[in-house]
Amino acid sequence: MPLLARMVPSPVSVEIRRGAVAALGDLLADSRVSRLGRVAVAVGRGYGEKIIPAVGPVLEKADIYRVDEGSVDAALSLGDALRAGGYDALVGIGGGRTLDVGKYAAGMIGLPFVSVATTLTHDGLASPVASLEHNGRKHSYGVALPLAVVIDLDYVRQSPRSQLLGGIGDVVSNLNALADWRLAQVEHGDQVDGLAAAMAQTAGEAILHHPGTPEDDDFLTSLAQGLVLSGLAMSVAGTSRPCSGSCHEICHAIDQNFPGRSTHGLQVAVGALFSSWLREDPAIGALDACLRRHGVPRLPADIGLTTEEFTRAVLDGPGTRPGRFTVLEHLDLGPDAARERVEEFVTLFGAQA
Ligand SMILES: [Zn+2]
């Protein structure tokens, strides 16, 4: 008998609100998450450690592990420690790096992972992808979805503004990724997953048109929901395509060539604006207005890159995701054409600054 519906993998619990961390104990006591109450906690530097006294007796009894770097090596050593400890769940508390290390480490030994986000830097907080450094380079690794996702707006509000702007950049870049995916369908015969596309598009458009600011709970809730939905869209599609197109190829090439210049969400914002302009996307005006409204980077200089450096990233972008067809592969710009287009983009959008 054929399946009557597709089963959509998803966390058993998603909590986005003020005070969500205070209820973490109840969530863990739920037998779906921690049957035996043997929980390990991974915290990063920053807010993660400040949260521990606030989360009640369950986590006070848990073993705490510090995550200092977002590398595969850090994840492997955490995984080894978890295996030896006999835990039944790992709770990761912090920003993107801590959650990525936690997802990878928990996945190594088949442990459920509870993602507790204290900021909204990118869509990794609920995605089946971990972005980790290995041999000096960032790579994306497929991992299991978090079993539960907790986003406490009290902590998010205290996180640095640049991190929230990164979250905005990552979620609105979905619209560029989806336009690339549809282009790949027309030009390259790729199959677009309609459900995954609907989720990623809803997430991107909710922020694209949201009149609020990161000071408002309503806006932060939409941003958090958008990042969660983006992660689920990738899980539904079985690929990062609904949230990762030419914007992300450019971002990955920046990470490879000019590591440490900026952060993921801010780099994909500039990549998305450039690629949308290249594609002559009708949504370019709305995207530009959204980035301006929030002060998200739009130009190479905003993320510490010269025109030449950004051109290098545009040329190297396709090589970061072989087999992925986007507007970059479609136009297949050579060095001279790429530099001309980047200069034209900087002149045009810089003049509007
Ligand atoms: Zn991203």
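Residues numbered from 1 in each chain as written. Predicted model: local features only at pLDDT ≥ 70, side-chain atom pairs only at ≥ 80, totals over all residues. Heavy atoms only, no water.

K.L.:
Kindly report on the overall build of the chain, identifying the contributing residues and their values.
P.N.:
Scanning the chain from N- to C-terminus turns up 15 helices and 8 strands. A globule of 353 residues ought to have a C-alpha radius of gyration of about 20 Å, and the chain, at 20 Å, matches this closely. In terms of overall dimensions, the chain has C-alpha extents of about 60 × 50 × 40 Å along its principal axes. Residue burial in the chain is summarised as follows: out of 353 residues, 56% are buried. Long-range pairs, those at least 24 residues apart, make up 76% of the contacts in the chain with a sequence separation of at least 6. Accessible surface for the chain amounts to roughly 14400 Å². Of this, 51% is attributable to carbon and sulfur atoms. With 29 positive and 41 negative side-chain charges, the chain shows a separation of 4 Å between the mean positions of the two kinds. (Helix = DSSP H or I, 4+ residues; strand = E, 2+ residues; numbered from the N terminus. Rg over C-alpha atoms; globule rule 2.2 N^0.38 Å. Buried < 20%, exposed > 50% of the residue type's maximum accessible area, 1.4 Å probe, protein only. Contact = heavy atoms within 4.5 Å. Areas by Shrake-Rupley, 256 points an atom, 1.4 Å probe, with all protein chains shown as cover. Lys, Arg positive; Asp, Glu negative; His and termini not counted. Charge placed at Lys NZ, Arg CZ, Asp CG, Glu CD.)

K.L.:
Explain helix H12 (residues 284–294) residue by residue, including any values.
P.N.:
Among all positions of H12, only Ile284, Leu287, Asp288, Cys290, Leu291 and His294 are buried. Taken down its axis, H12 places every buried residue within 160° of arc, on the same side. (Arc of directions from axis to C-beta.)

K.L.:
Lay out the coordination of the zinc ion with the relevant residues and their values.
P.N.:
The protein atoms that coordinate the zinc ion are Asp170 (OD), His248 (NE2) and His264 (NE2), at distances of 2.1 to 2.2 Å. When the donors of the zinc ion are listed by position in the chain, the intervening gaps give D-x77-H-x15-H. Remark: His264 occurs in helix H11 (residues 264–278) and His248 occurs in helix H10 (residues 246–257); sequence separation between them is 16 residues. Judged by its relative accessible area of 5%, His248 is buried. (Donors = N, O, S within 2.8 Å, 3.2 Å for Na, K, Ca; no water.)

K.L.:
Tell me about the packing of aromatic side chains, and name the residues and values.
P.N.:
Working definition: an aromatic ring pair is given by the centre-to-centre distance plus the angle between the planes. Applying the stated criterion across every chain, the model contains 7 aromatic pairs. Geometrically, the ring pair formed by Tyr104 and Tyr141 is edge-to-face, given 5.4 Å between the ring centres and 80° between the ring planes. Residue Tyr104 is found in helix H5 (residues 96–108), and its partner Tyr141 is found in strand E7 (residues 137–142); the two are separated by 37 residues along the sequence. Under the relative-accessibility criterion, Tyr104 is labelled buried at 18%. Connected via pairs of aromatic rings, a cluster forms that spans Phe274, Trp277, Phe310, Phe345 and Phe349. (Phe/Tyr/Trp six-rings, centres within 6.5 Å; stacked < 30°, edge-to-face > 60°.)

K.L.:
Lay out the sheet that holds strand E1 (residues 13–17) with the relevant residues and their values.
P.N.:
Taken together, the 6 strands give an open sheet; going across it, the order is E1-E8-E5-E4-E2-E3, and neighbouring strands pair in parallel fashion. With partners counted over all chains shown, the strands left at the sheet margins are E1 and strand E3 (63–67), one partner each. Adjacent strand axes in the sheet meet at a mean angle of 15°, parallel and antiparallel pairs treated alike. Pairing analysis gives 4 bridges linking strand E5 (residues 113–117) to strand E8 (residues 148–152), with the strands arranged parallel. Residue pairing in the sheet places Ser115 in a bridge with Val149 of E8. (Pairing = 2+ DSSP bridges. Axes fitted to C-alpha atoms, helices over the stretch in contact; angles between N-to-C directions.)

K.L.:
An account of the nonpolar core is requested, with residue identities and associated values reported.
P.N.:
In terms of nonpolar packing, the biggest core is built from 90 residues, with Leu90, Leu120, Leu125, Ile151, Phe274 and Phe310 touching the most fellow members. Per-domain counts for this core show at least three residues from each of domain 1 (13–158) and domain 2 (161–351). Beyond its immediate sequence surroundings of up to four residues, Phe274 is in contact with Ile250, Phe310, Val314, Arg341, Val342 and Phe345. (Core = buried A, V, L, I, M, F, W, Y, C linked by side-chain atoms within 4.5 Å. Domains from an automatic or database assignment.)

K.L.:
Give a description of the environment of Arg339 that names residues and reports values.
P.N.:
Residue placement: Arg339 occurs in helix H15 (residues 335–351). With relative accessibility at 35%, the residue Arg339 sits in the partly exposed group. Sequence separation of Arg339 and Glu308 is 31 residues, and the distance between their C-alpha atoms is 7.1 Å.

K.L.:
If you had to explain the domain arrangement of the chain to someone new, which residues and values would you point to?
P.N.:
Segmentation of the chain into domains returns domain 1 (13–158) and domain 2 (161–351). The interface is formed by 22 residues belonging to domain 1 together with 27 residues belonging to domain 2. Of all residues in domain 1, Leu120, Asp123 and Arg157 bury the most surface against domain 2, accounting for 29% of the area lost on that side. One salt bridge connects Asp217 with Arg157, and the closest N-O pair in it is separated by 2.6 Å. (Buried area = accessible area lost by both parts, 1.4 Å probe. Salt bridge = Lys/Arg side-chain N within 4 Å of Asp/Glu carboxyl O.)

K.L.:
I'd like a description of H10, backed by residues and values.
P.N.:
Compared with the 16 Å implied by 1.5 Å per residue over 12 residues, the 16 Å span of H10 between its first and last C-alpha is a close match. In terms of burial, H10 is a largely internal element, 10 of the 12 residues being buried. Ser246, Cys247, His248, Glu249, Ile250, Cys251, His252, Ala253, Ile254 and Asp255 are the residues of H10 that are buried. Tucked into the core, H10 has its buried residues touching E7, helix H7 (161–188), H11, helix H13 (307–320) and helix H14 (327–331). (Expected span 1.5 Å × (residues − 1).)

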